[in-house]
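Chain by chain, the residues:
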Protein chains: 2
Amino acid sequence: MDSVAVENYLKSIWELGPDDVATQDLAQLLNVAPASATKMVQRLTERGLVKHIPYKGASLTSEGRRRALSVVRRHRLLETFLSQTLDLGREQLHEEAENLEHGLSTELETVIANYLGNPERDPHGHPIPGPNGELPIDEDLLLSDCSLNQYLVVTQVPDRDPELLTWLEKNGIFPGIKLKIVSRDDFGGGINVSLEDSSIQISTSVANEVYVKLEND
Amino acid sequence: MDSVAVENYLKSIWELGPDDVATQDLAQLLNVAPASATKMVQRLTERGLVKHIPYKGASLTSEGRRRALSVVRRHRLLETFLSQTLDLGREQLHEEAENLEHGLSTELETVIANYLGNPERDPHGHPIPGPNGELPIDEDLLLSDCSLNQYLVVTQVPDRDPELLTWLEKNGIFPGIKLKIVSRDDFGGGINVSLEDSSIQISTSVANEVYVKLEND
DNA sequence: TAATAGTTTTAGCCAAGGCTAAACTTTATA
DNA sequence: TATAAAGTTTAGCCTTGGCTAAAACTATTA
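Conventions and cut-offs
Counting restarts for each chain: residues are numbered from 1 in the order of the written sequence. All chains are assigned letters beginning at A, and all ligands numbers beginning at 1, according to the order in which they are written. Since the coordinates come from a predicted model, pLDDT governs what is reported: local features require at least 70, and pairs of side-chain atoms require 80 or more to be given and counted, while whole-chain, interface and lining totals use all residues. With hydrogens and water excluded, all non-hydrogen atoms of the structure serve as input to the side-chain values. Two rings from Phe, Tyr or Trp (for Trp, the six-membered ring) form a pair when their centres are within 6.5 Å of each other. A pair whose planes differ by under 30 degrees is stacked, one over 60 is edge-to-face, and the rest are tilted. Each helix is a run of DSSP H or I of at least 4 residues and each strand a run of E of at least 2, with the numbering of both proceeding from the N terminus. Categorising residues by exposure relies on relative accessible area from a 1.4 Å probe, with only protein chains included: less than 20% of the type maximum marks a residue as buried, more than 50% marks it as exposed, and the intermediate range marks it as partly exposed. Definition of nearness: a residue and a molecule or strand are near each other if at least one heavy atom of the residue lies within 4 Å of the molecule or strand. We define a polar contact as two N or O atoms separated by no more than 3.5 Å, with the added condition that, inside protein, one atom must be a possible hydrogen donor and the other a possible acceptor, whereas residues neighbouring each other in sequence contribute only through side-chain atom pairs. Lys, Arg, Asp and Glu make up the charged group, whereas Ala, Val, Leu, Ile, Met, Phe, Trp, Tyr, Cys and Pro make up the nonpolar group; the residues left over, Gly among them, are polar. For helices, the fitted axis covers only the stretch in contact; all axes are lines through C-alpha atoms, and the angles between them, taken along N-to-C directions, range from 0 to 180 degrees. Oblique is the label for any angle not covered by the other classes, which are roughly parallel (under 35 degrees), roughly antiparallel (over 145) and roughly perpendicular (65 to 115). We call two residues in contact whenever any of their non-hydrogen atoms come within 4.5 Å of each other.

J.: Explain the packing of aromatic side chains residue by residue, including any values.
T.: Summed over all chains, the structure comprises 3 aromatic pairs over all chains. With centroids separated by 5.7 Å and ring planes inclined at 85 degrees, the aromatic side chains of phenylalanine 81 of chain B and tyrosine 115 of chain B adopt a geometry described as edge-to-face. Here phenylalanine 81 of chain B is found in helix α4 (residues 62-86), whereas its partner tyrosine 115 of chain B is found in helix α6 (residues 106-115), with 34 residues between them in sequence. Given the relative accessible area of 2%, phenylalanine 81 of chain B is considered buried. Relative accessible area serves as the criterion here: at 40%, tyrosine 115 of chain B is assigned to the partly exposed category. Feature note: the residues Phe81 and Tyr115 of chain A together with Phe81 and Tyr115 of chain B constitute an aromatic cluster, connected by ring pairs.

Structure follows, in structure tokens:
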């Protein structure tokens, strides 16, 4: 069994990957000093879970990726389970799942997955890896990359920042919602979006974290 | 925040307590060497969570007890929650709750408690401590202490041993079930019990782990 | 009551996972 | 292209929570 620390490193490298994950980014995501990240990356390299080119970056081996995706699967199943049973707000799910994911046994993971009907996405729209680490190719589009006046459906919102999620929620942006970009402000000022019965302005940084698909699938 | 190890030590001392908890018993319950238990008991004494009289035994301070009961509360709420939502068998609950209890935040604990209607007992019949460590006085009787031919209701079964729990379940012994001791075998050979529509023999060691109350409250 | 068995503690070791300070690479800039 | 800035690694330290072996204490029994 991987320790909590190892699981968190693997998951973080996966999230920052797939290639050349910088020590600093890893350290920042995990709230540790860069030197600590270097040391752990070296240990994981010893164990065959990470490939590390000094001064260049880290990436997961296939075994490392398998284990990272196991953590991601548990995380996303827990988010879905908590959302379904307790209806927590979408902005509370991430942190709770983060705490519980390391204690979820394979057996309970399976029971929960079955209970939920083996869902393909969590409440933020993120795809849930299969029990063996299969991850469907994610073909969603970045909202900020879409053209004007296309009919779009939101597929994914970020999960980490509760403030941002609360704001998105309040403005009616979450998976399943239909919208259309009506105009772009100059100089990276953001985009203007019309929803079912409102229209709002979304900054570029936020639009870079929201994924959509074309409405006619 | 207490570490997982500290939480487990506190919980175990509480379970073995209230007084003069032997190093060996503690070590055995936690699957560590006696020397490791001694060392941790000393550290917890430093921290003011445990009182330790060398060569005599350990016990919890009131703060130690408060923290131990917080773990017990999380454990029992989780058992209840898993049982209610996923209907796991009673024999699977303990281990899963053991894994998850350390990752349950105070906020989620509260949400779960409310969702369940602030239950007073878990699926094994064990009382659930309140959010501030209040524990109602447990007045249940040991099955093995009861007299013949009294009308009894099972209130608590043990939670740790899945084999035993499966056996009890199969023979219809779980909280809420009515029964009566019809006779005692000689020389500690156990007791003969009649249930609603069966009768079985229960060994003394098992009868020492089942609690009951008189049927007329 | 003296020897022995059982329990507990001490001493000394180890690995994991943190940290800071200093050294080393790489990248950017003058 | 030399030098400064930024990022990374190394070195050395610390705490936690394990372990074993040996010493010390307690309890039992001859």
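J.: Go over the protein's contact with DNA strand C, please, and point to the residues and values.
T.: Taken together, 22 residues are adjacent to DNA strand C, and Ser3, Ser36 and Lys39 of chain A together with Gln42 and His52 of chain B come closest. Counting only atoms of DNA strand C within 4 Å of the protein, the sugar-phosphate share comes to 71%. The separation between a phosphate oxygen of DNA strand C and a polar side-chain atom of tyrosine 9 of chain A is 3.3 Å. Separating a phosphate oxygen of DNA strand C from a side-chain N or O atom of threonine 38 of chain B is a distance of 3.0 Å. Counting only elements with at least two residues in the surface near DNA strand C, the list comes to α1 (4-16) and α3 (34-46) of chain A together with α2 (23-30) and α3 (34-46) of chain B. Considering only residue class, the surface near DNA strand C consists of 12 nonpolar, 8 polar and 2 charged.

J.: Can you break down the protein's contact with DNA strand D residue by residue, with the values?
T.: The local shell around DNA strand D holds 22 residues, among which Gln42 and His52 of chain A together with Ser3, Ser36 and Lys39 of chain B are the closest. Taking the atoms of DNA strand D that fall within 4 Å of the protein, sugar and phosphate contribute 70% of them. Between a phosphate oxygen of DNA strand D and a side-chain N or O atom of glutamine 42 of chain A, the distance comes to 2.4 Å. Note that a phosphate oxygen of DNA strand D is positioned 2.7 Å from one of the backbone N or O atoms of alanine 33 of chain B. Broken down by secondary-structure element, the contributors of at least two residues to the surface near DNA strand D are α2 (23-30) and α3 of chain A together with α1 (4-16) and α3 of chain B. Counting residues per element, the surface near DNA strand D draws most heavily on α3 of chain B, which supplies 5 residues. Looking at the surface near DNA strand D, its residues break down into 12 nonpolar, 8 polar and 2 charged.

J.: Describe in detail the packing of α2 of chain B against α3 of chain B, supporting the description with residues and values.
T.: Residue and element names in this part refer to chain B. Closest axis-to-axis distance for the α2/α3 pair is 8 Å, and the angle between their directions is 105 degrees. Put simply, α2 runs roughly perpendicular to α3. From α2, Thr23, Leu26 and Ala27 reach across to α3, where they touch Pro34, Ala37, Thr38 and Val41. Residues belonging to the contact of α2 with α3 are distributed by class as follows: 5 nonpolar, 2 polar and no charged.

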